[in-house]
Every structure is written in structure tokens, then in C-alpha cells.
Amino acid sequence: MAPITDPQLRATLTDHLRRHPEEATALAEPARLMRGGRDLASRRTFPMHVTVGALLVRGGSEILLVEHRAYGLTLQPGGHLEPSDGTLITGAVRELVEETGIDADTVIPTRQIPVYVEFGEVPARPDKDEPAHFHLDFGFAFTTTRGKIGRVQESEVDSAEWYPLAEAERLVGPRIARALAPSARLR
């Protein structure tokens, strides 16, 4: 599969803003950076590159979150794109499986477009030779009925656990509600 291209990333952001015009101000800076950016799918592109997140809901009542080792935060699984990721959603599934050990065959996307797009600053990581920079995170919603956590990716996360939705939203924020919104259901 061919790597994700900058025009694909720009089109995905444009489509998201068309569906969520209320986010135009919050996403104005990443939209500007995207217009001038090159190779935005690469983690070596600064001052901004694209990442992906996975909101996996089990039984309509729980969501899978990880304790992120580098940031010391509870977050949805996710991370940097790889050249082998042909789409944003396949990158999100890959990150979900890598970080939590979930069987990919038990994960069903609720739709093929992101349920959230978030822009955030990331502190410098000298151990990875990364200056402070920004992530533009495209998050996708998935569902599962089984969702057994397997071996976690110990280099990235300390643990993976199922959280009740209300607690997950308190920890992670409103993106949790987006995973459950009627517009996130299969279409």
C-alpha cells in the first residue's frame, strides 16, 4: 500500500472542517501549517506532523485507554504514522493493536472518517532527538464485543484498561462522546 500523502491529509482536515465548522478557529493554525508542510505523515517533520488515535468502545459502556509512558497521562491508544500505513484508519488500528494487544479481527470501525481532530503541543523529547513540536491527531471510533487486552507495548504504555465512559470522558475529554455520537455509527 502506498504511504499517506499530504494532499490526502489536507483533504481529510478540509472534510472534517466542512462537517464541523465550529472547530475552524481551533484548527486554523494546523490548517495553515498543512498548506506549507511537506511529508506531514513523518514523525521527523517539524514543527507539526500527523498522528492517529483509536477510541475503542466495548459493549456501548466502556472505552479502552492506556497509561502513556512518556507523557504520564491516560489517553486513547494512538501514535505516529508509519510508511506502511496506507490510510489514517489503518494506522489507528495498527497503533491500537501494538499498544494494547487487542486482536485486530475483533475491532470494527464505526465509520471511515475521523470522529475528532485535535491540535496540541508536544514537549521536546531529547531521547528521541525531537524538539518541542505539534501533533495534529486524527481520531477514529471503533467497536468491539470481545476486546480482550493482550500484551501491551511496554516501550510506549504502562498499562491498558477498560474504563466506564463517564470516567474516560473525565480523564480524556469530549473526544469520548464523539466515539458514541449517533453520527459515529456505521453508515
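Sequence order sets the numbering: in each chain, residues are counted from 1 along the sequence as written. Per-residue local features are limited, in this predicted model, to residues with pLDDT of at least 70; the limit for side-chain atom pairs, both in listing and counting, is 80 or more; totals at the level of whole chains, interfaces and linings are taken over all residues. By convention in this description, side-chain values take in all heavy atoms of the structure and omit both hydrogens and water.

(A) Representation of the pattern of salt bridges. Only one rule defines a salt bridge in this text: a Lys or Arg side-chain nitrogen within 4 Å of an Asp or Glu carboxyl oxygen. Overall, the coordinates contain 16 salt bridges when judged by the stated rule. Residue Arg19 pairs with Asp15 through a salt bridge whose shortest N-O separation is 3.3 Å. Note that Arg19 and Asp15 are positioned in helix 1 (residues 6-19) at a spacing of four residues, about one turn of the helix. The shortest N-O distance in the salt bridge between Glu118 and Arg175 comes to 2.6 Å. With a gap of 57 residues between them, Glu118 in strand 6 (residues 116-122) and Arg175 in helix 5 (residues 175-180) connect regions that are remote in the sequence. Relative accessible area decides the class of each residue, using a 1.4 Å probe on protein chains only: under 20% of the type maximum gives buried, over 50% gives exposed, and in between gives partly exposed. Accessibility expressed as a relative area gives 12% for Arg175, which makes it buried. Counted as one network, the salt bridges with shared partners bring together Asp85, Arg94, Glu95 and Glu98. Secondary structure is summarised from DSSP: a helix means a run of H or I of at least four residues, a strand means a run of E of at least two, and numbering begins at the N terminus for each.

(B) Structural detail: helix 4 (residues 165-172). Among the residues of helix 4, Leu165, Ala168 and Val172 are the ones counted as buried. Seen end-on, helix 4 carries its buried residues on one side only, within an arc spanning 60°. Opposite the buried face of helix 4, by more than 90 degrees, sit the exposed residues Ala166 and Arg170. If you follow the buried residues of helix 4, they end up packed against strand 2 (62-68), strand 3 (73-75), strand 8 (157-164) and helix 5. A positive phi of about 110° marks Gly173, the residue just after helix 4. By arc we mean the arc of the directions from the helix axis to the C-beta atoms, nothing more. In what follows, a contact means two residues having at least one pair of non-hydrogen atoms within 4.5 Å.

(C) Geometry of the nonpolar core. For our purposes a nonpolar core is just a set of buried Ala, Val, Leu, Ile, Met, Phe, Trp, Tyr and Cys residues, chained together by side-chain atoms within 4.5 Å. In terms of nonpolar packing, the biggest core is built from 33 residues, with Leu13, Met34, Val50, Leu88, Leu136 and Phe138 touching the most fellow members. Mapped by element, the contributors of at least two residues to this core are helix 1, helix 2 (28-36), strand 1 (48-58), strand 2, helix 3 (88-100), strand 7 (133-144) and strand 8. Here this core gets five residues from one element, more than from any other, and that element is strand 1. Once residues within four sequence positions are removed from consideration, Met34 is found in contact with Leu9, Arg10, Leu13, Leu40, Met48, Val50, Leu136 and Phe138. Grouped together as the second largest cluster of nonpolar side chains are 13 residues, Leu55, Leu65, Val115 and Leu165 included.

(D) Molecular detail of the pairing of strand 1. Counting buried residues in strand 1 gives 10 out of 11 residues, a clear majority hidden from the surface. Any two strands are treated as partners once DSSP identifies two or more bridges connecting them. The pairing of strand 1 with strand 7 spans 11 bridges and is classified as parallel. Considered in strand 7, the bridge of His49 is made with His135. Taken together, the three bridges between strand 1 and strand 4 (residues 78-80) define a ladder with antiparallel strand orientation.

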